[in-house]
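Residues per chain, in single letters:
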Amino acid sequence: VTEHLNHVNLLLNYQKQLEKDVNAKTAEIQKMQQQLLISFADLINSRDNITGDHIKNTSKYVHIIADKLRSQHIFKELDDETFYQNVVRSATMHDIGKIAIPDVILNKPGRFEPAEYEIMKRHAALGGEILDQVLAGMGNPAYYKVARNMAVYHHEKWDGTGYPEGKKGEEIPLCARIMAVADVLDALISVRPYKKAFPLDEAYAIIDKEAGHQFDARVVQAFDLARPDIEKAQKH
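These numbers were taken from a predicted model, which means no experiment stands behind them.

Attention shifts here to the overall build of the protein. Secondary structure assignment for the protein yields 11 helices and 0 strands. When the helices and strands of the protein are placed in sequence order, the string is α-α-α-α-α-α-α-α-α-α-α. Taken across its 236 residues, the protein has 42% of its residues classed as buried. Counting only contacts in the protein whose residues sit at least 6 apart along the sequence, the fraction spanning at least 24 positions is 65%. When the accessible surface of the protein is summed, it comes to about 12,700 Å², and 55% of that surface belongs to carbon and sulfur atoms.

What follows is the structure, given as structure tokens:
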């Protein structure tokens, strides 16, 4: 009996050590992932001279909108801490596909011609392909799924008229529906070579008008409620 108990204790201790080693390795991999993503975001910023702080700004807006949606308990998905954190962390990756867009188009100081716009639109699908290569085998499938969905589908529209796949309604992943509002907000209130920056009131009016058409109306509602936090984020 004593020998049996010693054997059991040995196995239990081995299991605990193994779990400890696995947890340490997982934390190390996640830290490496985060550093890799930061490097990718920096690379996008260094190549894209037109949209300036777009990645930093949209990341802040995604965080704010997701927080408001979570506090309202509108989507059960966001009650899951892991999913929520993955949405917030993935925002920096939404335009990763732009790495594969030629500089002459990415940094064109004006509106795109139709053929140029079609090339630019490819960044959504290309983002998915890049993340397939970079994240698929890195041991965090939940994060990979959210990051990929955000990159590929953030230009889809609630009414099905977006790209790259023409998804509509809840076919569009929640993370991408949140990103879509943050993405358009920053585009509206930022200066571009072909447009002035819209005042925040006008940007809100445009986005509100598109609730139920371009955007999920529930996400827009949370966006409206989060306006004080959006205004604070603009000042920092």
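Within this structure, the stated rule accounts for 2 aromatic pairs. Taking 6.5 Å as the distance between ring centres and 85 degrees as the angle between the ring planes, the aromatic pair formed by Tyr117 and Tyr163 counts as edge-to-face. Remark: Tyr163 occurs in the loop between helix 7 (141-153) and helix 8 (174-189) and Tyr117 occurs in helix 5 (residues 114-121); sequence separation between them is 46 residues. Since its relative accessible area comes to 14%, Tyr163 is described here as buried. Cation over ring: Arg89 sits above Tyr143, and NZ or CZ is 4.3 Å from the ring centre.

A few words on the confidence of the model for the protein. Averaged over all residues, the pLDDT of the protein equals 88, while 88% of them reach at least 70. Looking at the elements of the protein, mean pLDDT is at its lowest for helix 1 (residues 2-47), recorded as 70, and at its highest for helix 10 (residues 217-225), recorded as 98.

Before going further, it helps to examine the nonpolar core. Counting residues in each nonpolar core, the largest one holds 38 residues, and the members touching the most others are Ile178, Leu185 and Ile207. Those elements giving two or more residues to this core turn out to be helix 2 (54-72), helix 3 (81-90), helix 7, helix 8, helix 9 (200-209), helix 10 and helix 11 (227-234). Of the residues forming this core, the biggest block, 11 residues, is contributed by helix 8. If near-sequence neighbours (up to four positions away) are discounted, Leu185 is found in contact with Tyr61, Leu200, Ala203, Ile207, Phe223 and Ile230. Among the nonpolar cores identified, the runner-up in size contains 13 residues, and Ile130, Val134, Tyr144 and Ala151 belong to it.

Here Lys68 shows up in helix 2. An unpaired buried charge is present at Lys68: no salt bridge exists, and Asp229, the closest side chain of opposite charge, is 4.8 Å distant. Lys68 has contacts with Ala222, Leu225 and Ala226, leaving out every residue within four places of it along the chain.

A separate point is the environment of Leu131. Within the fold, Leu131 resides in helix 6 (residues 123-134). On a C-alpha basis, the gap between Leu131 and Arg148 in space is 6.2 Å, while along the polypeptide they are 17 residues apart. Leaving out residues up to four positions away in the same chain, Leu131 has contacts with Met93, Ile96, Ala136, Tyr144, Ala147, Arg148 and Ala151.

The next thing to look at is helix 3. Burial in helix 3 covers these residues: Phe83, Tyr84, Asn86, Val87, Val88 and Ser90. Of the surrounding elements, those touching the buried residues of helix 3 are helix 2, helix 7 and helix 8. Between a side-chain oxygen at the N-terminus of helix 3 and the backbone nitrogen of Thr82 the separation is 3.1 Å; the capping residue is Asp80.

This next bit is on a nonpolar patch on the surface. A cluster of nonpolar side chains, Tyr14, Leu18 and Val22, forms an exposed patch at the surface whose accessible area comes to about 310 Å². Of note, Leu18 is situated in helix 1.

The complete set of buried residues in helix 10 reads Val219, Val220, Ala222 and Phe223. Here the buried residues of helix 10 occupy an arc of 160 degrees about the axis, which is enough to place them on one side. Lining the buried residues of helix 10 we find helix 2, helix 8, helix 9 and helix 11. The residue sitting at the N-terminus of helix 10 and contributing the capping side-chain oxygen is Asp216; that oxygen lies 2.9 Å from the backbone nitrogen of Arg218.

Further remarks concern unusual backbone geometry. Between Tyr163 and Pro164 the backbone carries a cis peptide bond, its omega angle lying at 15 degrees. Along the polypeptide, Pro164 turns up in the loop between helix 7 and helix 8. Backbone geometry places His73, a non-glycine residue, at a positive phi of 55 degrees. The topology assignment puts His73 in the loop between helix 2 and helix 3.

Before going further, it helps to examine the pattern of salt bridges. Applying the stated criterion across every chain yields a total of 12 salt bridges. Note that Asp216 is salt-bridged to Arg218, the shortest N-O span being 3.1 Å. Taking relative accessible area as the criterion, Asp216 reaches 2% and is therefore assigned buried. The partner of Glu231 in a salt bridge is Arg227, and the shortest N-O contact between them spans 2.9 Å. Placement of the pair is Glu231 and Arg227 together in helix 11, with a separation of 4 residues, close to one helical turn. Of the residues examined, Glu231 reaches a relative accessible area of 31% and is grouped as partly exposed.

Rules used throughout
Residues numbered from 1 in each chain as written. Predicted model: local features only at pLDDT ≥ 70, side-chain atom pairs only at ≥ 80, totals over all residues. Heavy atoms only, no water. Helix = DSSP H or I, 4+ residues; strand = E, 2+ residues; numbered from the N terminus. Buried < 20%, exposed > 50% of the residue type's maximum accessible area, 1.4 Å probe, protein only. Contact = heavy atoms within 4.5 Å. Areas by Shrake-Rupley, 256 points an atom, 1.4 Å probe, with all protein chains shown as cover. Phe/Tyr/Trp six-rings, centres within 6.5 Å; stacked < 30°, edge-to-face > 60°. Lys NZ or Arg CZ within 6 Å of the ring centre and 35° of its normal. pLDDT = per-residue confidence, 0-100. Core = buried A, V, L, I, M, F, W, Y, C linked by side-chain atoms within 4.5 Å. Lys, Arg positive; Asp, Glu negative; His and termini not counted. Salt bridge = Lys/Arg side-chain N within 4 Å of Asp/Glu carboxyl O. Polar contact = N/O pair within 3.5 Å; in protein donor to acceptor, adjacent residues only side chain to side chain. Patch = residues over 30% accessible without salt bridge, like charges linked within 9 Å, V, L, I, M, F, W, Y side chains within 5 Å. Arc of directions from axis to C-beta.

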